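Descriptive analysis of the structure
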Amino acid sequence: MTEVAGTRTGDLPDDLTATEAGMWQAFRNGSVYDLSSGDAAVDDPHGGHPWGPERTVRARTVCWLLLDGPPALAGRVSSLKLVGVRITGVVDLSGGQVTPYVELTGCRFDQEIRLPEARFTTVRLADCAVPRLEAARVQTEGDLHLPRCRFRYGIRLTDAHIGTDLLLNQAVAHRDRLGRSIAADGMTVGQDLQAELLESHGELSLRGAQVGVSLSLRGAKLANPYSRFALNAPQLTVERTLYLTPAGVGSPALSGTTPARGTRIQRFECRGGVRLDDGRFGDAVDLERARFVLSEDQELSLRRVQAPELRFLGDRPEHGKVVLSGARITTLVDRASSWPDAGRLHMGGFSYENLVPQGPFPLTRRLDWVAAATAEYAPEPYERLAAVLRAAGEDEDAREVLLAKQRRRRETLPPAAKVWGFAQDWTVAYGYRPGRAAVWMAVLWAAGTLAFAHADHPPVDSGHPAWNPALFTLDLLLPVIDLGQVGQWQLRGGWQWLAAVMILLGWILATTVAAGATRLLRRN
């Protein structure tokens, strides 16, 4: 009872060490308690230099200050601000209400920090060595900052609620016993989640997480050789933009900005599968210069993602698959060299309204892009591309795409249908090149006129018109229309066979023109 009473009046408890007494007084004063030596090598919390009793406090005392600490001195605000301090024991604030401001810089924790269901105003741990941060369902009114911290056994922020920003810039997180470096499923962040230059060795899990503004993984390096995913974030919601882009190295001022020309940069790199299925992004998903290193059974999966813009501008994955099945994008900004080869791209049901290629992306390469996404014939990718090109005023390119669709479809038909398809292709290109019909008609008409000019043609009766090989050939070629020539003359031998061939060619030509006209009218 005496100890509690002393705490409430601000008196020093009897069992504090000298180092803890100094921390106690600094807490009441709201000042920084700095125990660093000034030697960078010695002060490195991640290094091997031992920190003795003169720099050591007990976790029990830290928890005492934060949960039931002494009142602040007159005119001051109590807060825990530590620099270069070693903390022994488990910092356990589970379920606690922590009112004081917390800021620890360059500190070393011997054991894990436990914050499940605790409530804070703002917590800042910078450049600290922490075995593990266990903070499921933790709540902060303000920020949770963990820049440059290193976690040997990972971070757990499952169902955490961060009032403003979550900062993980330059943090290093290794996997826990479940293989996760950062487990943040169901977490909500009121504003930005910045994890620029993050190093993740294990699975970064953000399943069902919600970010109020942007999520930045600029320059991050994610690696998980142990299981399927390095970034596992299905049903992720980001109100603005997800950045998997380069970051400037060496200047804090570059954080959250596009590095200027000449700045040393570090690209986003992911060694392991990525799952962003069913994600919702208010502005964009930006993959500028991103590098994905996948095994054959891993994927960059964007199934059913919805975003106004997808910037697919990273390096081409050498292995694995890129899956966009069911994704809905308004504007696709892409580069020809970013897409994987045939058989490793899946776009069934992928919807986009505008194409903005960066660099050369000729139509032949775009058709290869569609073909790469359809191991088996599927009309939808071709029709989607044609519709987008037509909406952009590229009608000729749209017709080329639909012609490519018909040729791809022909590969799946039985032999008889293939022959008919080849006939349509050679004559009028399935109706998408209608000028061919006139050329074929002119060629057949000229050839027939020259041939029948030498034919023996006795009349059927005495009331026949004058022999005209040009009109006779045209009467043979035009089905349905009767020019009054064919029934007036008798042909024998090979000339009869030639006339039959002309009639057959006329019907084929007319049928293919009609089929092509029907497709054009349907606006496929």
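Cut-offs used in this document
- Residues numbered from 1 in each chain as written.
- Predicted model: local features only at pLDDT ≥ 70, side-chain atom pairs only at ≥ 80, totals over all residues.
- Heavy atoms only, no water.
- Axes fitted to C-alpha atoms, helices over the stretch in contact; angles between N-to-C directions.
- Helix = DSSP H or I, 4+ residues; strand = E, 2+ residues; numbered from the N terminus.
- Parallel < 35°, antiparallel > 145°, perpendicular 65-115°, else oblique.
- Left-handed = near helix turned anticlockwise from the far one by under 90°.
- Contact = heavy atoms within 4.5 Å.
- Pairing = 2+ DSSP bridges.
- Buried < 20%, exposed > 50% of the residue type's maximum accessible area, 1.4 Å probe, protein only.
- Expected span 1.5 Å × (residues − 1).
- Core = buried A, V, L, I, M, F, W, Y, C linked by side-chain atoms within 4.5 Å.
- pLDDT = per-residue confidence, 0-100.
- Polar contact = N/O pair within 3.5 Å; in protein donor to acceptor, adjacent residues only side chain to side chain.
- Phe/Tyr/Trp six-rings, centres within 6.5 Å; stacked < 30°, edge-to-face > 60°.
- Lys NZ or Arg CZ within 6 Å of the ring centre and 35° of its normal.

The next point concerns the packing of helix 2 (residues 18–29) against helix 4 (residues 59–68). For any two helices packed against each other, one specifies the crossing angle of their axes together with the interaxial distance. Running from N to C, helix 2 and helix 4 point in directions that differ by 15°, and their axes come no closer than 11 Å. When the interaxial angle is binned, helix 2 and helix 4 end up roughly parallel. Our pair here, helix 2 against helix 4, has a crossing hand that is right-handed. Residue-level contacts link E20, M23, W24 and F27 of helix 2 to T61, V62, W64 and L65 of helix 4.

Strand order across the open sheet formed by eleven strands is 5-8-12-16-20-24-28-34-38-40-42, with parallel pairing between neighbours. Both edges of this open sheet fall to strand 5 (91–92) and strand 42 (345–346), since each of them pairs with a single strand only. For strand 16 (residues 155–156) and strand 20 (residues 180–183), the ladder comprises two bridges, and the chain directions are parallel. Considered in strand 20, the bridge of R156 is made with A183.

To continue, consider the pairing of strand 6 (residues 101–105). The alternating pattern of strand 6 places V102 and L104 on a buried face and Y101, E103 and T105 on a face that is not buried. Pairing of strand 3 (residues 79–83) with strand 6, which is carried by five bridges, proceeds in the parallel orientation. Bridge pairing in strand 6 places L82 opposite L104. By the bridge criterion, four bridges tie strand 6 to strand 10 (residues 123–126) in an arrangement that is parallel.

Time to look at helix 7 (residues 395–410). At 3.6 residues per turn, the α-helix brings residues three or four places apart onto the same side. Taking 1.5 Å as the rise per residue, helix 7 with 16 residues should run 22 Å; its terminal C-alpha atoms sit 23 Å apart, in good agreement. Among all positions of helix 7, only A398, V401, L402, L403, A404, K405, Q406, R408 and R410 are buried.

Within the largest apolar cluster, 112 residues are counted, with the highest numbers of intra-cluster contacts made by I87, L104, F109, L157, L217, F292 and W369. Here this core gets six residues from one element, more than from any other, and that element is helix 4. Sequence-distant contacts of F292, that is, excluding residues within four places in its chain, are made with L244, F268, C270, V274, L287, L300 and P317. Judged by nonpolar contacts, the second largest core, of ten residues, contains A455, L477, W489 and L491.

The subject of this paragraph is the confidence of the model for the protein chain. Confidence along the protein chain averages 87 in pLDDT terms, with 87% of residues attaining 70 or more. Confidence drops under a pLDDT of 50 for residues 1–6, and excluding neighbours within four residues, the segment shows five contacts in the predicted structure.

A word on helix 2. Taking 1.5 Å per residue as the helical rise, helix 2 with its twelve residues ought to reach 16 Å, and the 17 Å between its terminal C-alpha atoms agrees with that figure. All of the buried residues in helix 2 are T19, E20, A21, M23, W24, A26, F27 and R28. Two residues or fewer past helix 2, G30 is found with a positive phi of approximately 75°.

To continue, consider the side chain of R344. Along the polypeptide, R344 turns up in the loop between strand 41 (328–334) and strand 42. Engagement of the side chain of R344 in a polar contact is seen with the backbone oxygen of P317, the distance being 3.0 Å. Excluding residues that lie within four positions of it along the chain, R344 makes contacts with P317, E318, H319, G320, K321, V322 and A372.

The subject of this paragraph is the packing of aromatic side chains. In this description, a pair of aromatic rings is defined by centroid distance and the angle of the planes. Taken as a whole and assessed by the stated rule, the structure comprises six aromatic pairs. The interplanar angle of 55° and the centroid separation of 5.4 Å between the aromatic rings of W339 and W369 together place this pair among those described as tilted. Of this pair, W339 sits in the loop between strand 41 and strand 42 while W369 sits in helix 5 (residues 363–372), and the two are 30 residues apart along the sequence. Accessibility assignment for this pair places W339 and W369 in one class, buried. Grouped by ring-pair contacts, the aromatic residues F312, W339, F350, Y352 and W369 constitute a single cluster. Sitting over the face of the ring of W51, R55 holds its NZ or CZ atom 4.0 Å from the ring centroid. A cation sits over an aromatic face here: R218 above Y243, 3.8 Å from the ring centre.

Phi is positive for D127, close to 55°, though the residue is something other than glycine. With respect to the helices, strands and loops of the structure, D127 is situated in the loop between strand 10 and strand 11 (129–130). Here the phi dihedral of R304 falls at roughly 60°; this positive angle occurs in a residue that is not glycine. Along the chain, the position of R304 falls in the loop between strand 38 (299–301) and strand 39 (306–312).

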